[in-house]
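The residues making up each chain are set out below.
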Amino acid sequence: MPVFVKKVFLWGSVAFLIYFVAFRPEGAAQMFKAIGAGLMAMAAGVGDFLTGLMT
């Protein structure tokens, strides 16, 4: 993928994030909570897997 296209997608994503947080803060907070909960669930799953390997 050309560098220019990557930059356009990156800056477009940043602009959307700023817009979303500025005009829909409740929705943005819920989205980030859901992302955090998903990451925590994945980390717990990896931890359980590694614990299972050790026992």
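In this convention, every chain numbers its residues from 1, walking through the sequence in written order. The predicted nature of this model means local features are confined to residues of pLDDT at least 70 and side-chain atom pairs, given and counted, to a pLDDT of 80 or more, with totals for whole chains, interfaces and linings taken over all residues. Only hydrogens and water are set aside when side-chain values are computed; all heavy atoms of the structure are taken into account.

A.B. asks: Can you break down the overall build of the protein residue by residue, with the values?
C.D. replies: Only DSSP runs of H or I reaching four residues or more are called helices, and only runs of E reaching two or more are called strands; each is numbered from the N terminus. Each helix and strand counted, the protein has two helices and zero strands in total. What the globule rule says is 2.2 Å times the number of residues to the power 0.38, and the radius of gyration is computed from C-alpha atoms. Here the C-alpha atoms of the protein give a radius of gyration of 18 Å, more than 25% beyond the 10 Å that 2.2 N^0.38 yields for 55 residues. With the C-alpha coordinates of the protein rotated into their principal frame, the extents come out at 50 × 35 × 10 Å. Within the span of the protein, comprising 55 residues, buried residues form 4% of the whole. In short, Shrake-Rupley with a 1.4 Å probe defines the accessible areas, and a residue's cover is counted only from the protein chains shown. A total of about 4900 Å² of accessible surface is found on the protein, and carbon and sulfur atoms cover 78% of it. Using a 1.4 Å probe on the protein chains alone, a residue whose accessible area is under 20% of its type maximum counts as buried, one over 50% counts as exposed, and one in between counts as partly exposed.

A.B. asks: Explain a nonpolar patch on the surface residue by residue, including any values.
C.D. replies: Here the term patch refers to residues with relative accessible area over 30% and no salt bridge, with like charges joined within 9 Å and nonpolar side chains (Val, Leu, Ile, Met, Phe, Trp, Tyr) within 5 Å. The salt bridge criterion pairs a side-chain nitrogen of Lys or Arg with a carboxyl oxygen of Asp or Glu, the two atoms within 4 Å. Taken together, L17, V21, M31, F32, I35, L39 and M42 make up a surface patch of nonpolar side chains, about 630 Å² in accessible area. Looking at the nonpolar patch, the element that brings in the most residues is helix 2 (residues 25-54), giving five residues. Structurally, F32 can be placed in helix 2. By relative accessible area, which is 44% here, F32 ends up partly exposed.

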